[in-house]
Amino acid sequence: MEIFSYIVTALAAYLLGSVPTGYLVAKAKGIDIRSVGSGNIGATNVFRILGKGAGIFVLLTDAAKGFFACWLIPSLVFQVVGLPPNSGTPDLYLRIFELHSVVAGVAAILGHNYTCWLRFKGGKGIATSAGVLLALAPWAFLIVLGIFIIVVFVSRFISLASIVAAFCLPFTVWFLKGSLVMTSVMAALGALAIYKHKANIGRLLNGTENRFGKKKADAIK
C-alpha cells in the first residue's frame, strides 16, 4: 500500500507540474512561445515577449505548481488511498508525509521540465523548484532567493542567477536541515536545473546571453 501511495503521489504531481503555463498564456494571445525569444516556455521568456504582467503570472503559477504538489497532493492521496502502514504516531506520520512531499516535488519539477503535453519538452524548472523549496525548506528558500536577487542585480543575467542559486541549493539545505536525503534530492534538482541551462551557459561564455530588462522587440529578433 505504501509503494502504491508513492506511485499515485508521483503521477498526480507530475500531471500538475506538466501544465505548460507559459505556453498556454502565450497561446491565448496568439503566440507560440516556443518559436520566439529563447524558445523556452518559462517565465523569463514570457516576460520578454509578453511583458511584465504575463511574466509575473507565469512565474507565480509555475511556483505554485511546485508548492501545492508538495503540500496538497500527499494529503489528498492519503485521503483517497488511505494512510500508509506504520504511520500511527505523529513523528512517523510527519516523516512519511515529508517523503511523499519530496517525491511529489521531484515529480512536479520533472512534469514542468518534460511535460507530456508538449512532447516532453518544457521549461527549466527554476520557478517550480522554488515552489518546491518553499514548501520543503522555507528558510533555505529565502537564502537561495536572496542569492538569486543579488546575482541578478549585479550581473543582470537571469540565467546566471538561476545557475548560481541552483549550485548553492544543496549546500544551503544541508547547512539548515542537516538531512542527507533532502540534501541529496536538492543536489540532484540543482544539477538538473544547471543542465537545463546548458544553452545559456554557452551564450554566457560567448557573450551573447540576453540581459534582464531587454526590450521585447529585441528579444523577438
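Computed from a predicted structure; not experimentally measured.

Cut-offs used in this document
- Residues numbered from 1 in each chain as written.
- Predicted model: local features only at pLDDT ≥ 70, side-chain atom pairs only at ≥ 80, totals over all residues.
- Heavy atoms only, no water.
- Core = buried A, V, L, I, M, F, W, Y, C linked by side-chain atoms within 4.5 Å.
- Buried < 20%, exposed > 50% of the residue type's maximum accessible area, 1.4 Å probe, protein only.
- Helix = DSSP H or I, 4+ residues; strand = E, 2+ residues; numbered from the N terminus.
- Contact = heavy atoms within 4.5 Å.
- Phe/Tyr/Trp six-rings, centres within 6.5 Å; stacked < 30°, edge-to-face > 60°.
- Lys NZ or Arg CZ within 6 Å of the ring centre and 35° of its normal.

Participant: Which parts of the structure should I look at to understand the nonpolar core?
Facilitator: In a soluble, globular protein the nonpolar side chains are often hidden away together inside. Counting 19 residues, the largest nonpolar core has Leu-133, Leu-136, Leu-169, Val-173, Met-182 and Met-186 as the members making the most contacts within it. Tallying contributions element by element places helix α9 (residues 180–196) first for this core, with 5 residues. Beyond its immediate sequence surroundings of up to four residues, Leu-136 is in contact with Cys-70, Ser-101, Val-102, Lys-177, Met-182 and Met-186. Counting residues in each nonpolar core, the second largest holds 13 residues, with Tyr-23, Val-25, Ile-33 and Ala-43 among its members.

Participant: Whenever I open this one, the packing of aromatic side chains confuses me. Can you help?
Facilitator: Given two aromatic rings, their pairing is described by the distance between the two centres and the angle made by the two planes. Under the counting rule described, the total for this entry stands at 5 aromatic pairs. Between Trp-71 and Phe-97, the aromatic rings sit 5.5 Å apart at their centres with planes inclined by 35 degrees, giving tilted as the arrangement. Of this pair, Trp-71 sits in helix α4 (residues 52–81) while Phe-97 is found in helix α5 (residues 90–113), placing the two residues 26 residues apart along the sequence. Among the residues examined, Phe-97 registers a relative accessible area of 9% and is labelled buried. Each ring, one from Phe-167 and one from Phe-171, has its centre 5.4 Å from the other, and the planes form 50 degrees; the classification is tilted. Separated by 4 residues within a single helix, Phe-167 and Phe-171 lie in helix α8 (residues 158–177), roughly one turn from each other. We classify Phe-171 as exposed; its relative accessible area is 52%. Taken together through their ring pairs, the aromatic side chains of Trp-71, Phe-78 and Phe-97 make up a single cluster. Looking at Lys-196, its charged tip hangs above the ring of Tyr-114, at a distance of 4.6 Å from the centre. Over the ring of Tyr-195 we find Lys-198, and its NZ or CZ is 4.3 Å from the ring centre.

Participant: For this particular structure, what's the right way to read helix α3 (residues 43–50)?
Facilitator: Note on helix geometry: an α-helix contains 3.6 residues per turn, so any two residues three or four positions apart are oriented the same way. Along α3, 6 of the 8 residues are buried, which leaves the element largely enclosed by surrounding structure. Within α3 the residues assigned to the buried category are Ala-43, Asn-45, Val-46, Arg-48, Ile-49 and Leu-50. Gly-51, located one to two residues past α3, shows a positive phi value of around 105 degrees.

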